[in-house]
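Here's the letter readout for the chains.
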Amino acid sequence: MRIVIAYSGGLDTSAILALLVSEGHEVITVTVDVGQEDDLKGAEERAYHLGASKHIHIDAVEEFAKDYISWAIKANALYEEQYPLGTALARPLIALKVAEIALKYGADAVAHGCTGKGNDQVRFDAMLKYYLGESIGIIAPVRELGLTREKSLQILKEAGLSLETPHKKYSIDENLWSRSIEGGELDDLGVEPPEEVYAWTVSPEKAPDEPLYLEIGFDMGIPYMVNGVEMPLHGLVKYLNELVGAHGYGRIDHVENRVVGLKSREIYEAPAALALIYAHKDLEKTVYTPKEYRFKQLVDREWTDLVYQGLWMEPLKTHLESYIDSSNKYVSGTVTLKVYKGSIQIASRKPEYTSYSTELIDYNKGWYPSAEEATGFIKIYTMHSLYTAWSRKQTKKTPLEEKVHAS
Ligand code: ARG
């Protein structure tokens, strides 16, 4: 068979490659760069060493930012209020690139290295099937053979490769939007993550004493400028990851509900994602009517859940995106963030469109409702709730009058 592997160059996908080659298959490896800072040259060398007939490297960083991360910002996507979806966003794009290669080279099957316990298998299987239909099969040797770390190392040893695994204690996944660390001692909920798990953030204790001010410019919900300098989204995210991470902000410790019915404890680093979503949400709140804002929260949560759950192709997602886009049309302006030793605050904001008005809100000057207007409003506004609440007590007195008179 001719098989295309979604190849990261790590332990599991390398073992799969060796295994499939040893079974006599022709294997093409595809590495998709979504901003992970892996050794991509090393991955290529390993692929050929292990017998790949061809290795293909695809730089998809810009596309990842433009077509995936941009939605996550517009939708304030934080799964269960915490996880910015890095891995969940990248899987559909990796599946797309792998599927394109599979079709181009007339592959009989595609392979990925996901286990049977995680979300990623759902995302890959779903999206590969969406792009390839039933004609090209999906194989997942780690899931099918129950490959463990030890078995994978053994397979590689037999193939004459000893793989350096510096983070062997943890399972790590990384891309432009977030870095995740799980497994090992972190599985014990009572253990505080040791400093060694972090790579993108310094500990707040070691952060600089000077605060960092970042003026983020948004255009229709998309950040495009930092402190006066325009940047393409992928560059802006990379820049903020470094700057914000150096100030100790961006760490997440999350006990997460997986799609497959398991709870897992995950540590994330996502300085840019958290900072941008914080700023974007603040700008939205300043811009939207209360009704728009509340409805947007519902839409955002649905969108985020679908993406987390691997349903990137679900038609509902497209409908939600119509609302996400039409509301974001007015989310333009700047938000200035103050990042200081692991904390973040809004220092100031300048929305382009807003119903906020100093003239209206000032207690001492400008517009003021007359006493009659104010009490009239309150009377009509509370009437329904008051009379209903009283009538349910079946009494002529208010509940408080009854209580006071009884004592
Ligand atoms: N829990 C996150 C998610 O489901 C991160 C998964 C990381 N994947 C990995 N293979 N280590 O999206």
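Keep in mind the model is a prediction, meaning the values are calculated, not measured.

Bringing the environment of Glu401 into the picture now. Residue position: Glu401 is located in helix α14 (residues 399–406). Here Glu401 falls in the partly exposed class, since its relative accessible area comes to 37%. Residues Glu401 and Lys117 lie 284 residues apart in sequence; the distance between their C-alpha atoms is 59 Å.

Now for the pairing of strand β1 (residues 2–6). Among the five residues of β1, four are classified as buried, and the element is accordingly described as predominantly covered. Taken together, the five bridges between β1 and strand β2 (residues 26–33) define a ladder with parallel strand orientation. The residue of β2 that forms the bridge with Val4 is Ile28. Viewed along the sheet, the connection from β1 through helix α1 (residues 11–22) into β2 turns out right-handed. Both β1 and strand β4 (residues 109–111) contribute to a ladder of three bridges, which runs parallel.

As a structural note, the neighbourhood of the ligand is formed by 15 residues, with Tyr83, Asn119, Asp120, Arg123 and Glu256 the closest of them. Within the side chain of Asp120, one N or O atom sits 2.9 Å away from a nitrogen atom of the ligand. The greatest single-element share of the shell around the ligand, amounting to three residues, is contributed by helix α4 (residues 86–104).

Below, the discussion takes up the sheet that holds β2. With respect to topology, five strands assemble into an open sheet ordered β3-β2-β1-β4-β5, the strand pairing being parallel. The two strands at the open ends of the sheet, each matched to only one other strand, are β3 (54–59) and β5 (137–139). Shown here is a sheet whose adjacent strand axes are inclined to one another by a mean of 25°, direction ignored.

Within the structure shown, the criterion is met by 27 salt bridges. A salt bridge links Arg258 to Glu182; its shortest N-O distance comes to 2.8 Å. One end of the pair, Arg258, is in the loop between β11 (251–257) and β12 (263–269); the other, Glu182, is in strand β7 (residues 179–182), with 76 residues separating them in the sequence. No difference in accessibility class separates Arg258 from Glu182, as the two residues are buried. Across the pair Glu242 and Lys238 runs a salt bridge, and its minimum N-O distance is 3.6 Å. Placement of both Glu242 and Lys238 in helix α8 (residues 233–245) is noted, with a separation of four residues, approximately one turn of the helix.

Let us now look at the environment of Arg392. Here Arg392 shows up in helix α13 (residues 371–392). The exposure class assigned to Arg392 is exposed, which follows from its relative accessible area of 67%. With 90 residues separating them along the chain, Arg392 and Glu302 place their C-alpha atoms 36 Å apart.

For any pair of aromatic rings, the description rests on two quantities: the centre-to-centre distance and the angle between the ring planes. Using the criterion set out here, one finds 11 aromatic pairs in the structure. On the basis of an interplanar angle of 40° and a centroid distance of 6.3 Å, the ring pair of Phe64 and Tyr68 is categorised as tilted. Of the two residues, Phe64 and Tyr68 both sit in helix α3 (residues 61–74), four residues apart, roughly one turn of that helix. Judged by its relative accessible area of 5%, Tyr68 falls in the buried class. With 4.2 Å between their ring centres and 15° between their planes, Tyr83 and Tyr268 make a pair best called stacked. Here Tyr83 is found in the loop between α3 and α4, whereas its partner Tyr268 is found in strand β12, with 185 residues between them in sequence. Here Tyr83 and Tyr268 have matching classes, each one buried.

What counts, and at which threshold
Residues numbered from 1 in each chain as written. Predicted model: local features only at pLDDT ≥ 70, side-chain atom pairs only at ≥ 80, totals over all residues. Heavy atoms only, no water. Helix = DSSP H or I, 4+ residues; strand = E, 2+ residues; numbered from the N terminus. Buried < 20%, exposed > 50% of the residue type's maximum accessible area, 1.4 Å probe, protein only. Pairing = 2+ DSSP bridges. Right-handed = clockwise from strand over helix to strand, strands pointing away. Near = heavy atom within 4 Å. Polar contact = N/O pair within 3.5 Å; in protein donor to acceptor, adjacent residues only side chain to side chain. Axes fitted to C-alpha atoms, helices over the stretch in contact; angles between N-to-C directions. Salt bridge = Lys/Arg side-chain N within 4 Å of Asp/Glu carboxyl O. Phe/Tyr/Trp six-rings, centres within 6.5 Å; stacked < 30°, edge-to-face > 60°.

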